[in-house]
Amino acid sequence: MTENLKIIEIEVLRYNPESDQEPHLEVYSVPFSDDMSVLQGVQYIKDNFDGSLTFRWSCRMAICGSCGMMINGIPKLSCETFLRDYYPDRIRVEAMAHFPIEKDLVVDLSGFIEKLESIQPYIIPKEPRSLDQGEYIQSPKQFNDYIQFTSCINCTLCYAACPQFGLNPDFIGPGAIALLHRYNMDSRDGAAAERMELVASEEGVFNCSAVGYCSEVCPKHVDPANAVNINKTNAAKDYFLRFLSPKGGAK
Amino acid sequence: MSKRRPYVRSMEGWWKKNPYFVEYMIHESTALFVAGYAFVLLVGLIRLGQGEAAWNGWLEAMQSPLSLIFHLVFLVAIAYHTYTWFKIMPITMPPIIVGGKRVGPGVITGSGLLAAVGVSLVMLVLVFWFGG
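Everything quoted here is computed from the prediction, not taken from an experiment.

Novice: Hey, could you go over the overall build of chain A for me, with residue numbers and the actual values?
Specialist: Looking only at helices and strands, chain A has nine helices and seven strands in total. Dimensions along the principal axes, computed over C-alpha positions, put chain A at roughly 70 × 40 × 30 Å. Burial status across chain A gives 40% buried among its 251 residues. Partitioning the contacts of chain A with sequence separation of at least 6, the portion at a separation of at least 24 is 67%.

Put into structure tokens, the structure is as follows:
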């Protein structure tokens, strides 16, 4: 079966917490066809060379956000990255940068999940509303204010692209701040002041030095760098304006 | 007992690992040239306050070949800084809506650069006009 297939070398960063002191690279020669993604290449390795190779994946169509990896040092979804674009060169696949490696290509995302929880990623209504008051009305213009930021699939490629997160893992980071902004911008939501405490905190937006690579690698064009930087302005406004009108969450 | 032992990779030399980060470090470090030139002008102001002889000395120093080379280097670095500054401007701004459509990043960067060139030209004209 492999006769008419080309062979590409895939270098994989392996780490087994039970036996390895540190990660190391292993090279596999993988036969591939032009329609094969890097994820399929890694699956081929697991099926044919080493069943212990560990990685996350699910949908294979860039919507679940599970299969992020460093591919030749660039954060990408491995399901929408194709082996043919690298052939005949060797391709290096590593766990997403800046996260602790759990095993092989699987990283520890618990920090991200905690941050996601902390930004209260749900609509907190301005005032309680009863059923007989009917649905919330939102104009197309109000919808446009936040729709871009709803596209986030929590793939965390933006974190793998953010050196400031790498240097300070406490930084809430691009993805969670983009979602925070999504809810703040929603006309039905009234919790922007509550979320401001986090935006302006030590872990907040001022960790960002506008590298901008997060928006570059985002597979869903969410532009998290924009969300972070708009919230720098919002935090500064909140800080100075509270002297004029004492309200807001900043302490 | 948990077999977990998450491995944290070092951030040492992070900015050398990706061409995007190398460019970031270059354009951020050009800010030092902006600060440097502000310092040169500040020295000029101080010399002006010290009287005519001091001021003429500073003017003379500015015209030395070494100073001219420095000016050329500063000009290149500050021009690059200006370019990258306006290049990242779109990501730092809230969306601007004109006629129901969001203004694209290219337009924002372009207008910024155009304004910078315009202001520089006005300054040049003023300097030639009043500089005698």
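Novice: Can you tell me about the overall build of chain B, naming the residues and giving the values?
Specialist: For chain B, the count of helices and strands is five helices and two strands. Along its sequence from the N terminus, chain B presents helices and strands in the succession α-α-α-α-β-β-α. Computed over its C-alpha atoms, the radius of gyration of chain B comes to 22 Å, more than 25% above the 14 Å expected for a compact globule of 132 residues. Principal-axis analysis of the C-alpha atoms places the extent of chain B at approximately 80 × 50 × 25 Å. In chain B, which comprises 132 residues, the proportion classed as buried is 4%.

Novice: So what about the pairing of strand β1 (residues 6–14) of chain A? Which residues, and what values?
Specialist: Residue and element names in this part refer to chain A. By the bridge criterion, nine bridges tie β1 to strand β2 (residues 24–32) in an arrangement that is antiparallel. Residue E9 lies in a different strand from β2, and its bridge partner there is S29. Where β1 lies against strand β5 (residues 91–94), three bridges are found, and the strand directions are parallel. Each bridged residue has a counterpart across the sheet, and for I10 the counterpart in β5 is I91.

Novice: Please set out the interface of chain A and chain B residue by residue, giving values where relevant.
Specialist: With 24 residues of chain A at the interface, the matching set in chain B holds 18 residues. Those elements giving two or more residues to the side of chain A that touches chain B turn out to be β6 (101–103), α5 (163–167), α8 (213–217) and α9 (224–241) of chain A. At four residues, the largest contribution of residues to the side of chain A that touches chain B is made by α9(A). The residue inventory of the side of chain A that touches chain B, partitioned by class, reads 12 nonpolar, six polar and six charged.

Novice: Outline unusual backbone geometry, listing residues and values.
Specialist: Residue and element names in this part refer to chain A. In this structure, the amide linkage connecting Y87 to the following residue, P88, adopts the cis form with an omega of 5°. Relative to the elements of secondary structure, P88 occurs in the loop between β4 (74–77) and β5. Positive phi values are uncommon outside glycine, yet T156 reaches one of about 65°. In this structure, T156 sits in the loop between α3 (140–144) and α4 (157–160). Its 27 C-beta neighbours within 10 Å are what place T156 among the buried residues.

Novice: Please provide a residue-by-residue account of α9(A), values included.
Specialist: Because an α-helix completes one turn every 3.6 residues, residues spaced three or four positions apart along the sequence face the same direction. For α9(A), which comprises 18 residues, the first-to-last C-alpha distance of 25 Å matches the rise-based estimate of 26 Å (1.5 Å per residue) to within 8%. Listing the buried residues of α9(A) in full gives A:P224, A:A225, A:N226, A:A227, A:V228, A:N229, A:I230, A:N231, A:A235 and A:D238.

Novice: With reference to specific residues and values, describe the packing of helix α2 (residues 31–49) of chain B against helix α3 (residues 52–62) of chain B.
Specialist: The axes of two packed helices give the description: the angle between them and the distance between them. Residue and element names in this part refer to chain B. Their axes nearest at 6 Å, the elements α2 and α3 cross at an angle of 150°. The pairing of α2 with α3 is recorded here as roughly antiparallel in orientation. Where α2 abuts α3, its residues V43, G44, R47 and L48 lie against A54, W55, G57 and W58. Along the lines of polarity and charge, the residues of the contact of α2 with α3 split into five nonpolar, two polar and one charged.

Novice: Describe the pairing of β4(A), listing the residues and the values that go with them.
Specialist: In terms of strand pairing, strand β3 (residues 68–71) of chain A meets β4(A) through four bridges, oriented antiparallel. Pairing of A:G68 across the sheet is with A:L77, part of β4(A).

Novice: Let's hear about the sheet that holds β4(A): which residues, and what values?
Specialist: Residues and elements named next belong to chain A. Spatially, β2-β1-β5-β3-β4 is the arrangement adopted by the five strands of the open sheet, whose pairing is mixed. Looking along the sheet, the strands with just one partner apiece sit at the ends: β2 and β4. Adjacent strand axes in the sheet meet at a mean angle of 35°, parallel and antiparallel pairs treated alike. Sheet contacts for helix α1 (residues 38–48): β1, β2, β3 and β5; angle to β2, the most-contacted strand, approximately 105°.

Novice: Now, about the domain arrangement of chain A: what can you tell me, with residues and values included?
Specialist: Residues and elements named next belong to chain A. The domains assigned to chain A are domain 1 (6–107) and domain 2 (110–241). Domain 1 and domain 2 are separated by 30 Å when their C-alpha centres are compared. Contacts between the two partners involve 14 residues from domain 1 and, on the opposite side, 13 residues from domain 2. It is β4 that provides the largest number of residues to the side of domain 1 that touches domain 2, a total of three residues. Looking at the side of domain 1 that touches domain 2, its residues break down into nine nonpolar, three polar and two charged.

Analysis parameters
- Residues numbered from 1 in each chain as written.
- Chains lettered and ligands numbered in written order.
- Predicted model: local features only at pLDDT ≥ 70, side-chain atom pairs only at ≥ 80, totals over all residues.
- Helix = DSSP H or I, 4+ residues; strand = E, 2+ residues; numbered from the N terminus.
- Buried ≥ 20, exposed ≤ 12 C-beta atoms within 10 Å, placed from the backbone.
- Contact = placed C-beta atoms within 7 Å.
- Rg over C-alpha atoms; globule rule 2.2 N^0.38 Å.
- Pairing = 2+ DSSP bridges.
- Nonpolar A, V, L, I, M, F, W, Y, C, P; charged D, E, K, R; others polar.
- Expected span 1.5 Å × (residues − 1).
- Axes fitted to C-alpha atoms, helices over the stretch in contact; angles between N-to-C directions.
- Parallel < 35°, antiparallel > 145°, perpendicular 65-115°, else oblique.
- Domains from an automatic or database assignment.

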